[in-house]
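Each chain is listed here by its residues.
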Amino acid sequence: GAGVSQSPSNKVTEKGKDVELRCDPISGHTALYWYRQSLGQGLEFLIYFQGNSAPDKSGLPSDRFSAERTGGSVSTLTIQRTQQEDSAVYLCASSLTGTGGRQPQHFGDGTRLSIL
Amino acid sequence: QKEVEQNSGPLSVPEGAIASLNCTYSDRGSQSFFWYRQYSGKSPELIMSIYSNGDKEDGRFTAQLNKASQYVSLLIRDSQPSDSATYLCAVNQAGTALIFGKGTTLSVSS
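Residues numbered from 1 in each chain as written. Chains lettered and ligands numbered in written order. Predicted model: local features only at pLDDT ≥ 70, side-chain atom pairs only at ≥ 80, totals over all residues. Heavy atoms only, no water.

**Student:** Is there a simple way to think about the nonpolar core in this case?
**Tutor:** Side chains of nonpolar character tend, in soluble globular proteins, to be buried together. In terms of nonpolar packing, the biggest core is built from 23 residues, with W35, V72, L74, I76 and Y87 of chain B touching the most fellow members. Within the residue set of this core, elements represented by two or more residues are strand 3 (19-25), strand 4 (32-38), strand 5 (45-50), strand 7 (61-66), strand 8 (71-76), strand 9 (85-92) and strand 11 (104-109) of chain B. In terms of nonpolar packing, the next biggest core, distinct from the first, is built from 19 residues, L46, I47, I79 and Y90 of chain A among them. (Core = buried A, V, L, I, M, F, W, Y, C linked by side-chain atoms within 4.5 Å. Buried < 20%, exposed > 50% of the residue type's maximum accessible area, 1.4 Å probe, protein only. Helix = DSSP H or I, 4+ residues; strand = E, 2+ residues; numbered from the N terminus.)

Here it is, written out as structure tokens:
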């Protein structure tokens, strides 16, 4: 597609349930990033993929969070046993490459996650 | 702890004026610098990137970088009401994650 695509756009779920968020990056982009943005807060880095590998997972807040990427394309972010503090907008970005840092990251529209 | 600092604002300017947005960063090893615009309820949209000291102009936007002072700024000339948004400064050291500031809210009045 033309841009980064994320689904669902909105997700409401009960505390304790598992959720899966999906990201389809720009075609040809090898690097993929997950961030989250809580109300009134800045964007917080979660994880970075180069191809199917995740060389930087340093931003994942707990072991309830995991992510994978298959075929060098689509990525899913899974949150197990959701907590109310997980409520945020989860943003996915992709860039042509991840090395060197000069490639700009382009963002999807995000998934707004609300935990009841 | 790598940090990127921005004044939260709001920065209010009249239509047609120059808006000046500032950002400082803590990591001297930072190599790439980006400005994103984020409208309320929308995702960040890249508007400028800068990698070398000096100025870079693109239309009404000028990014300025001073690595010695660890300072990057964005000037918006001939500000329009449609420029009203939150502007995010983002810094990258050597690939991988962008470190974002919390953003400056700009309000342009007609």
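**Student:** Explanation requested: the interface of chain B and chain A in the structure shown.
**Tutor:** By a frequent convention, interface size equals the accessible area lost on bringing the separate parts together. Facing the 20 residues of chain B at the interface are 22 residues of chain A. Interface area for chain B against chain A, summed over the two sides, is near 1,600 Å², with a carbon-plus-sulfur share of 55%. Our count for the chain B to chain A interface comes out at zero salt bridges. Summed over the shared surface of chain B and chain A, the number is five residue pairs in polar contact (both at pLDDT 80 or more). With four residues, strand 4 of chain B is the single largest residue contributor to the side of chain B that touches chain A. (Contact = heavy atoms within 4.5 Å. Buried area = accessible area lost by both parts, 1.4 Å probe. Salt bridge = Lys/Arg side-chain N within 4 Å of Asp/Glu carboxyl O. Polar contact = N/O pair within 3.5 Å; in protein donor to acceptor, adjacent residues only side chain to side chain.)

**Student:** Can you walk me through the pairing of strand 8 of chain B in this structure?
**Tutor:** A regular strand places its side chains on the two faces of the sheet in alternate fashion. All names here are of chain B. Sheet topology places strand 3 next to strand 8; six bridges connect them, and they run antiparallel. If you follow A19 over to strand 8, its bridge partner there is I76. Remark: four residues form the turn of the hairpin made by strand 7 and strand 8, two consecutive strands paired antiparallel; Q70 in that turn has positive phi of roughly 55°. (Pairing = 2+ DSSP bridges.)

**Student:** Looking at this structure, how should I read the pattern of salt bridges?
**Tutor:** Pairs may arise between side chains of opposite charge once their charged atoms sit close together. Across all of its chains, the model carries five salt bridges over all chains by this definition. Where R36 of chain A meets E44 of chain A, a salt bridge forms, and the shortest distance between an N and an O atom there is 2.8 Å. The class for E44 of chain A is partly exposed, based on a relative accessible area of 31%. Residue E45 of chain B is joined to R37 of chain B by a salt bridge in which the shortest nitrogen-to-oxygen separation is 3.0 Å.

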